[in-house]
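# Chains, contacts and geometry: an overview
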Amino acid sequence: ARHRIGNPRPFPLHAKAKIRYRQVDQDVTLSSEDDEHILVTFKQPQRAVTSGQIIAIYDGDELIASGSIQ
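Values in this document were obtained by computation on a predicted structure and should not be read as measured data. (Residues numbered from 1 in each chain as written. Predicted model: local features only at pLDDT ≥ 70, side-chain atom pairs only at ≥ 80, totals over all residues. Heavy atoms only, no water.)

### Re the side chain of K18
- Here K18 lies in strand 2 (residues 13–18).
- Using a relative accessible area of 19% as the deciding quantity, one classes K18 as buried.
- Within the local environment of K18, its side chain forms a polar contact with the side chain of D25, the two groups lying 3.3 Å apart.
- Once residues lying within four places of it in the same chain are set aside, the contact partners of K18 are Q23, D25, I54, I55, A56 and Y58. (Helix = DSSP H or I, 4+ residues; strand = E, 2+ residues; numbered from the N terminus. Buried < 20%, exposed > 50% of the residue type's maximum accessible area, 1.4 Å probe, protein only. Polar contact = N/O pair within 3.5 Å; in protein donor to acceptor, adjacent residues only side chain to side chain. Contact = heavy atoms within 4.5 Å.)

Pasting the structure below:
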């Protein structure tokens, strides 16, 4: 599942994301994979990413999207 919050932003979108609560924000690029999925590409490789984890995506301090990692 994915959730876009606020006004839609055009792809590709450069943002920050985290997959763990206390993780330092990571640089990502978002692109539209299809009507149901967003592809999130991390600038730096991430370790131990697991299907089912939640990803939170931010533009500055504003949460703009979240979703379950597949």
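Structure shown, so let's carry the discussion forward.
### Details of the pairing of strand 5 (residues 54–59)
- In this sheet, strand 5 lies alongside strand 2 in antiparallel orientation, the contact comprising three bridges. Looking across to strand 5, one finds that K18 is bridged to A56.
- Inspection of the sheet shows strand 5 paired to strand 6 (residues 62–68) by six bridges, in the antiparallel sense. For A56, the partnering residue across the bridge sits in strand 6 and is S66.
- In this structure, the hairpin formed by strand 5 and strand 6 is closed by a connection of two residues, where G60 is found at a positive phi of approximately 65°. (Pairing = 2+ DSSP bridges.)

### Re the pairing of strand 2
- Taken together, the five bridges between strand 2 and strand 3 (residues 26–32) define a ladder with antiparallel strand orientation. Opposite L13, over in strand 3, you have L30 as the bridge partner.

### Some thoughts on the environment of F42
- Following the sequence through the fold, F42 ends up in strand 4 (residues 38–42).
- Along the primary structure F42 and D25 are separated by 17 residues, whereas in three dimensions their C-alpha atoms are 11 Å apart.
- With sequence-adjacent residues up to four places away left out, F42 is seen in contact with A17, I19, Q26, D27, V28 and I55.

### Considering the nonpolar core
- Listed in full, the 11 residues of the largest apolar core are L13, A15, A17, I19, V28, L30, I55, I57, I64, A65 and I69.
- Of all elements in the fold, only strand 2, strand 3, strand 5 and strand 6 reach the threshold of two or more residues within this core.
- If you tally residues by element for this core, the top one is strand 2, at three residues. (Core = buried A, V, L, I, M, F, W, Y, C linked by side-chain atoms within 4.5 Å.)

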